[in-house]
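# Summary of structural features
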Amino acid sequence: MKPLGLLYIGAVLEENGFDVDFIDCLDRYHPEILKRKGKHRGKKRYGCGNFYKEKIEKPDILKDVKRRYSRYGLPPDIFINEIKNIQKPDVILITSLMTYWYPAYVDLIEIIRNIYNDTPVIVGGIYTTLADEHAGKFLKVDRIITGEGENQVLSVISEILPGAENNYKNYNSINDYPFPAFHLLKNVNYIPVLTTRGCPFNCTFCASEFISGKFRRRDPESVIEEIKLHRKKFNVKDFAFYDDALLINREKHIIPILEGLLKDKINIRFHTPNGLFPAMIDDELAKLMYKSAFKTIRLSLETTNIDRLKDISSKVTIDDFENCISSLVKAGYKRKELESYIIYGLPGQSIKEVIETIVFTAKNGIKVRPAAFSPIPGTVDWERAVDSGEISPDANIILTNNTLLPLRSENFTWDIVNEIKKFARLTNYASDLEINIFNGSSISKVLKDILSKPILEYI
Ligand code: B12
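Along every chain, residues carry numbers that run from 1 in the direction the sequence is written. Per-residue local features are limited, in this predicted model, to residues with pLDDT of at least 70; the limit for side-chain atom pairs, both in listing and counting, is 80 or more; totals at the level of whole chains, interfaces and linings are taken over all residues. Water and hydrogen atoms play no part in the side-chain values, which are based on all heavy atoms of the structure.

Attention shifts here to the site of the ligand. In the neighbourhood of the ligand, 40 residues make up the surrounding shell, with Thr 95, Thr 99, Glu 150, Ala 207 and Asp 244 lying closest. Between a nitrogen atom of the ligand and a side-chain N or O atom of Ser 212, the distance comes to 3.4 Å. Between N or O atoms, a polar contact is any pair within 3.5 Å; within protein, one atom must be a potential hydrogen donor and the other a potential acceptor, and residues adjacent in sequence are included only when both atoms are from side chains. Asp 244 is positioned such that a nitrogen or oxygen atom in its side chain is 2.6 Å from a nitrogen atom of the ligand. By definition, any uninterrupted DSSP run of H or I lasting at least four residues is a helix, any uninterrupted run of E lasting at least two residues is a strand, and each is numbered from the N terminus. Elements with a contribution of two residues or more to the shell around the ligand: α1 (4-15), β3 (92-96), β4 (121-125), α7 (150-160), α8 (208-212), β10 (269-276) and β13 (367-372). It is α1 that provides the largest number of residues to the shell around the ligand, a total of 4 residues. Its residues assigned to classes, the shell around the ligand shows 23 nonpolar, 12 polar and 5 charged. Think of it this way: one heavy atom of a residue within 4 Å of a molecule or strand is enough to make that residue near it. Amino acid classes used here: Ala, Val, Leu, Ile, Met, Phe, Trp, Tyr, Cys and Pro are nonpolar; Asp, Glu, Lys and Arg are charged; the rest, including Gly, are polar.

Have a look at this one:
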């Protein structure tokens, strides 16, 4: 989870003559963090790993929830040292990610205000874009920016900074943006890449449309140049695509990008933590992905309920999904190397549907990653959640956290969510061992001892 948006903003500022200092609050390798890490588990494959966290007091609204509440990333004392160690800035820029992390932005701004009371502070990002009114109320800052920031940051600085120029560069297209300023990070162990902005689909639960606007693709040549440059500059092998719709217009986009990179034999690996559209993957693309060393492949399935698939956006059918798996297997992937995202907790969704979807992925021999629904204001599923009484239109944004689904849903209680996760772990384990646990074998009987009644009823 790299702050890619802020690194784009950093690059724009540097390109326009600013000196930039950068504090990464999610730096897992900060020397002070490493000293304190305690139970903090170490590195995982491909540059992944756990964030440092500290248990903190729960906000009142969560007092009765029997779960720990933690702050992830740099604790305040380390952050304060960091900010005191840099030269007094003329302007402070902050990014925001998930909306329901807003208490962290509030705390951070309070700390900054205690140190630099008269320095202008500008905040942008996903939270300010999706919840601008809320941000305006809760964040004590000079400016709140919504949407893409590359041009806006320069015009806002021109307005609010005494002595700033007003003839900064104007970026006419995403191809004009400089490459993100990864050199500002202390440890670059993998690199995120964004080859497009936005998404042409309009899934009922997704907010991409409000964040990124119209779908746009970068020129393949520029993406190739960026990846080659960063491979060399930071000596990293792992590249993670952050695109919403990486495979759209594949003939003109991902295919030339991958073919261009293969020519140079630069020894890199790709990861797709944000799901791929299965309908776009046929034998040809699967072969190219295998050759290009795609190592983490996550496919957006969402559900096997045909009506819901159509309702969500019609971007995938069960046939598309099965054809995609068979193309990937033909290309050389083992089934256990493939993962599918499924969603649970959508308004009106039954537990049965979710369990059936997990069973479907397990029968296909692939892994499943269940993702809890997080209602986002403005989306179709937000309206549905409001209409069904699951969430009040003026609910505290904290309650939209995906982890808090059981607080909103009558069906998806804490026990059921735990059972779903346990069931998914079990089928994933079976996928690792390459065994089918649904064929009436003695193993399938053991399931009865492990799983609770409500889940077994659906198998
Ligand atoms: C890549 C991605 C991920 C990655 C990592 C994200 C990251 N960077 O940390 C992964 C796959 C890990 C991920 C996971 C999840 N994600 Co996600 N993800 C995205 C995605 C597709 C792109 C985010 C991104 O990096 N964009 C690229 C950068 C360049 O854009 P940006 O950050 O918006 O920055 C621009 C502007 O905002 C602005 N800007 C930003 N900062 C600043 C600062 C200043 C000062 C200024 C002026 C401007 C500015 O300028 C930037 C450049 O143009 C978005 C959807 C989207 N299209 O935005 C969802 C999204 C953010 N994810 C979402 C969700 C729900 C999740 C999950 C909860 C899914 C799940 N159920 O498991 C998990 C949660 C992870 C967690 N730990 O909590 C939701 C957020 C919902 C919310 N309530 O906030 C989104 C919006 C998708 C959706 N469903 O609509 N995600």
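Within the largest apolar cluster, 95 residues are counted, with the highest numbers of intra-cluster contacts made by Phe 270, Ile 281, Met 289, Ile 297, Leu 299, Leu 328 and Phe 412. Sort the elements by how many residues they give to this core and α1 lands first, with 8 residues. If you count residues domain by domain, this core takes at least three from each of domain 1 (4-160) and domain 2 (174-456). Should any heavy atoms of two residues lie within 4.5 Å, those residues are considered in contact. Setting aside chain neighbours within four positions, we find Ile 297 in contact with Thr 272, Leu 276, Met 289, Leu 328, Tyr 333, Glu 337, Leu 338 and Glu 339. We define a nonpolar core as any set of buried Ala, Val, Leu, Ile, Met, Phe, Trp, Tyr and Cys residues linked to one another through side-chain atoms lying within 4.5 Å. Partly exposed describes any residue whose relative accessible area lies between the buried limit of under 20% and the exposed limit of over 50%, with all areas from a 1.4 Å probe on protein chains only and scaled to the type maximum. Grouped together as the second largest cluster of nonpolar side chains are 30 residues, Ile 23, Leu 74, Tyr 102 and Tyr 116 included. For the domain bounds, the source is a domain assignment made automatically or taken from a database.

With that settled, the discussion passes to the domain arrangement of the protein. When the domains of the protein are assigned, the result is domain 1 (4-160) and domain 2 (174-456). Taken together, the contact between domain 1 and domain 2 spans 35 residues of the former and 43 residues of the latter. A combined buried area of about 3,300 Å² lies between domain 1 and domain 2, and 67% of that area is made up of carbon and sulfur atoms. What gets called buried area is simply the loss in accessible area from a 1.4 Å probe that two parts show on being joined, summed for both. For domain 1, the biggest contributors to the area lost against domain 2 are Tyr 8, Tyr 46 and Tyr 100; these three give 22% of the whole. Should a side-chain nitrogen of Lys or Arg be within 4 Å of a carboxyl oxygen of Asp or Glu, the pair is scored as a salt bridge. If you look at where domain 1 meets domain 2, you find 3 salt bridges. Between Arg 197 and Glu 150 there is a salt bridge, with the nearest N and O atoms lying 3.0 Å from each other. Scanning the region where domain 1 abuts domain 2 turns up 8 residue pairs in polar contact (both at pLDDT 80 or more). Elements with a minimum of two residues in the side of domain 1 that touches domain 2: α1, α4 (102-115) and α5 (126-130). By residue number, the principal contributor to the side of domain 1 that touches domain 2 is α1, which donates 8 residues. Within the side of domain 1 that touches domain 2, the residues separate by chemical class into 20 nonpolar, 6 polar and 9 charged.

Together, Lys 53, Lys 55, Arg 67, Arg 68, Lys 421 and Arg 425 give the surface a local cluster of positive charge. When contributions to the positive patch are tallied by element, the ones reaching two or more residues are β1 (53-55) and α17 (414-432). Examined against the element boundaries, Lys 55 turns out to sit in strand β1. The class for Lys 55 is exposed, based on a relative accessible area of 62%. By definition, no residue in a patch forms a salt bridge, and every one has over 30% relative accessible area; like charges are joined within 9 Å, nonpolar side chains (Val, Leu, Ile, Met, Phe, Trp, Tyr) within 5 Å. For every accessible area listed, the method is Shrake-Rupley and the probe measures 1.4 Å; residues are considered covered only by the protein chains on display. The convention is simple: Lys and Arg are positive, Asp and Glu are negative, and His and the chain ends are not counted. In plain terms, the charge of a residue is placed at NZ if it is Lys, CZ if Arg, CG if Asp and CD if Glu.

This part covers the pairing of strand β12 (residues 338-344). Of all 7 residues that make up β12, 6 are buried, and the element is covered over most of its length. Strand pairing is assigned whenever DSSP identifies at least 2 bridges connecting the two strands. Relative to β12, strand β11 (residues 294-302) runs parallel, the two sharing 5 bridges. Residue pairing in the sheet places Ser 300 in a bridge with Tyr 341 of β12. In the sheet, β12 pairs with β13 via 6 bridges, with the strands oriented parallel. Within the sheet, the bridge partner assigned to Ile 343 lies in β13 and is Ala 371. Note that the unit made of β12, helix α14 (residues 351-363) and β13 has a crossover that is right-handed. Looking down the strands as they point away from you, a crossover is right-handed if its path from the first strand over the helix to the second goes clockwise.

Right, let's talk about the pattern of salt bridges for a bit. Scanning all chains against the criterion turns up 30 salt bridges. Taken together, the shared-partner salt bridges in this structure form one network comprising Glu 32, Lys 35, Arg 36 and Asp 77.

A few words now on the packing of helix α9 (residues 220-234) against helix α10 (residues 254-263). Inter-axis angles, ranging from 0 to 180 degrees, are taken between N-to-C directions of lines fitted to C-alpha atoms, where helices are fitted over the stretch in contact. Axis separation between α9 and α10 bottoms out at 9 Å; the angle between their running directions is 40°. If you check the angle between α9 and α10, you find them oblique. Considering how the two elements wind past one another, α9 and α10 form a crossing that is right-handed. Counted together, Pro 220, Val 223, Ile 224, Ile 227 and Lys 228 of α9 and Pro 256, Ile 257, Gly 260 and Leu 261 of α10 form the full contact between these two elements. Its residues assigned to classes, the contact of α9 with α10 shows 7 nonpolar, 1 polar and 1 charged. Angles are sorted into four bins: roughly parallel if under 35 degrees, roughly antiparallel if over 145, roughly perpendicular if 65 to 115, and oblique for all others. With the far helix as reference, a near helix turned anticlockwise by less than a right angle produces a left-handed crossing, and one turned clockwise produces a right-handed crossing.

With that settled, the discussion passes to the packing of α10 against helix α11 (residues 283-291). Here α10 crosses α11 at 35°, and the two axes come no closer than 10 Å. In terms of crossing hand, the pair formed by α10 and α11 is left-handed. Residues Ile 254, Ile 255, Leu 258, Glu 259 and Leu 262 of α10 form the contact with α11, whose participating residues are Glu 284, Leu 285, Leu 288 and Lys 291. Split by residue class, the contact of α10 with α11 holds 6 nonpolar, no polar and 3 charged.

Here we come to α4. For a helix, the expected span equals 1.5 Å multiplied by the number of residues minus one. In this model, α4 (14 residues) spans 20 Å end to end at C-alpha, consistent with the 20 Å of a helix rising 1.5 Å per residue. Of all the residues in α4, the buried ones are Tyr 102, Tyr 105, Leu 108, Ile 109, Ile 111, Ile 112 and Arg 113.

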